Amino acid sequence: MLEPREAHVGTMTVQRALPRRQRRTVGAWCFVDLFGPASVTEQGGVDIGPHPHMGLHTVTYLLDGQVLHRDSLGSEQVIRPGQVNLMTAGRGVVHAEEPTGSYRGVMQGVQLWVAQPDATRDGDADFTHLAQLPQTSVDGAEVTVLVGTVADAVSPARQDTPLVGAELRLEAGDCDLPLEPSYEHALVVLQGRVLVEGRPVERTRTAYLGVGRTTVGLSSPEGARVLLLGGEPFGEELLMWWNFVGRSRDEVAQASRDWEGGDDDRFGPVATALARVPAPDLPWQPRN
Ligand code: MN
């Protein structure tokens, strides 16, 4: 069982479910932020200025609300509940997430990162909007598949390593969910309360399930929404710092210098009125 920690992103307070000290990754999933429920007003909502990424995919999924995505590839895309924005950073990309200007109401969702393997992490950046995701029903749970496969539903989302990511909407009652035994899995409770193999898991908490399971028994007294994450255990050692996923301090320090120095070939401009987010100081002494 993993407790989230509170973190701040732009003007939002988020619950960071991953990474935690006891568990850094689940498959290649290496970062899970839960944001909201919060209300979007004239004054704001999600407003995260341009910031860089490398070595990861960002996967954005909303339960409520709307967010406008812009990036250094020229993408400009509103995302709504039930859709995925999948951005591949590769060697470098920059994005901003801002209010649509017209949406008012509740905002709630998840921001996920997937570590890219050595085979692709120096590759090109990319952005894909998946307007419709495959859905299926498993033992009374309605399942929306973000990435990978659940039962007969296969997401078209790119995956660089074997992965699954899905939202489960549980009815009140029991559900026996099939799992891929070569994957490790985790369940993050987004709404409501769930018993995982009889153990209660509250909203924002994560139950880590390990590898080798063919099923997991879920039970929900009043219904719940749960994020299923899984994948083949990620064999490569990661160094995560700020918005970068790398392998060494030197590599991460170089990315930070390229961002601060305005290297437009690597981290290009984004067409937004929001201010650039500066890199924090490195937590270690740079080597000369
Ligand atoms: Mn980001």
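The following refers to the structure shown. (Residues numbered from 1 in each chain as written. Predicted model: local features only at pLDDT ≥ 70, side-chain atom pairs only at ≥ 80, totals over all residues. Heavy atoms only, no water.)

### Observations regarding the sheet that holds strand β19 (residues 194-196)
Line of reasoning, step 1. Spatial ordering of the open sheet is given by β17-β22-β19-β20, a layout of 4 strands whose pairing is antiparallel. Edge positions in the sheet fall to β17 (173-178) and β20 (199-201), since each has one partner strand and no second. Pairwise comparison of adjacent strand axes, ignoring direction, gives a mean angle of 30° for this sheet.
Line of reasoning, step 2. Of the strand pairs in this sheet, β17 and strand β22 (residues 215-220) are connected by 6 bridges, and their pairing is antiparallel. Bridge pairing in β22 links P178 to T215. (Pairing = 2+ DSSP bridges. Helix = DSSP H or I, 4+ residues; strand = E, 2+ residues; numbered from the N terminus. Axes fitted to C-alpha atoms, helices over the stretch in contact; angles between N-to-C directions.)

### Let's talk about the packing of aromatic side chains
Where two aromatic rings form a pair, the distance of their centres and the angle of their planes describe that pair.
Line of reasoning, step 1. Applying the stated criterion to the full structure yields 7 aromatic pairs.
Line of reasoning, step 2. Centroid distance W242 to F244: 5.6 Å. Interplanar angle 85°. Geometry classified as edge-to-face.
Line of reasoning, step 3. Sitting over the face of the ring of W259, R276 holds its NZ or CZ atom 3.7 Å from the ring centroid. (Phe/Tyr/Trp six-rings, centres within 6.5 Å; stacked < 30°, edge-to-face > 60°. Lys NZ or Arg CZ within 6 Å of the ring centre and 35° of its normal.)

### Some words on the side chain of Q116
Line of reasoning, step 1. Among the secondary structure elements, Q116 is positioned in the loop between β10 (105-115) and β11 (126-130).
Line of reasoning, step 2. Relative accessible area serves as the criterion here: at 0%, Q116 is assigned to the buried category.
Line of reasoning, step 3. From its side chain, Q116 meets the backbone nitrogen of G90 in a polar contact 2.8 Å long.
Line of reasoning, step 4. Apart from residues lying up to four places away in sequence, Q116 is in contact with G55, L56, H57, T88, A89, G90, R121, R158, D160, F234 and R247. (Buried < 20%, exposed > 50% of the residue type's maximum accessible area, 1.4 Å probe, protein only. Polar contact = N/O pair within 3.5 Å; in protein donor to acceptor, adjacent residues only side chain to side chain. Contact = heavy atoms within 4.5 Å.)

What is shown is where atoms sit, not what they do.
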